[in-house]
Amino acid sequence: QVRLVESGGDSVQAGGSLRLSCAASGYTYSSYCLGWFRQAPGKEREGVAYIYRGGRWTYYADAVKGRFTMSRDNARNTVYLQLNSLKPEDTAMYYCGGVRQGSDCWNRPGVGDFDYWGQGTQVTVSS
């Protein structure tokens with residue numbers, strides 16, 4: 001019912017920027033609880049940014065605060081992640097996640113709270 005497709009990943013130099021997109025389709029996802037995640041080789045998937053609490057609050061992991069910005073365009077059913085001042089440590093496969101319609105994630109969600117996942121888009125940052 002829900003399909004998420006990420007795009008925008010690329011190989012960039014440290015200090016560069018990328019804009020990731022997550023296009024959603026289907027009728028059962030919630031636009032009020034969305035997430036971006038990343039997984040580097042040998043590491044577990046970690047939350048990068050979330051929109052939650054009815055879509056009114058945004059959370060950023062400490063490692064990306066001040067550098068990444070999450071946004072959404074409900075008319076286009078698309079979620080974005082703007083990545084600025086990229087560091088080699090940001091190298092990972094980036095995924096977007098969603099929850100079933102009706103879930104607003106009043107409390108800040110975690111990786112395990114998301115129901116749907118895209119296939120990921122690779123971000124590689126070289127020094």
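Basis of the calculations
Residues numbered from 1 in each chain as written. Predicted model: local features only at pLDDT ≥ 70, side-chain atom pairs only at ≥ 80, totals over all residues. Heavy atoms only, no water. Helix = DSSP H or I, 4+ residues; strand = E, 2+ residues; numbered from the N terminus. Buried < 20%, exposed > 50% of the residue type's maximum accessible area, 1.4 Å probe, protein only. Contact = heavy atoms within 4.5 Å. Areas by Shrake-Rupley, 256 points an atom, 1.4 Å probe, with all protein chains shown as cover. Pairing = 2+ DSSP bridges.

Scanning the protein chain from terminus to terminus reveals 0 helices and 11 strands. In the protein chain, the succession of α and β elements from N to C terminus is β-β-β-β-β-β-β-β-β-β-β. Projected onto the principal axes, the alpha-carbon positions of the protein chain cover approximately 45 × 30 × 25 Å. The proportion of buried residues among the 127 residues of the protein chain is 44%. Across the protein chain, the fraction of contacts at a sequence separation of at least 24, relative to all contacts at a separation of at least 6, is 62%. As presented, the protein chain carries roughly 6,700 Å² of accessible surface, and 43% of it is formed by carbon and sulfur atoms.

On to the pairing of strand β3 (residues 18-25). By the bridge criterion, 5 bridges tie strand β1 (residues 3-7) to β3 in an arrangement that is antiparallel. When the bridges of β3 are listed, E6 appears paired with C22. For β3 and strand β8 (residues 78-83), the ladder comprises 6 bridges, and the chain directions are antiparallel. Bridge pairing in β8 links A23 to T78.

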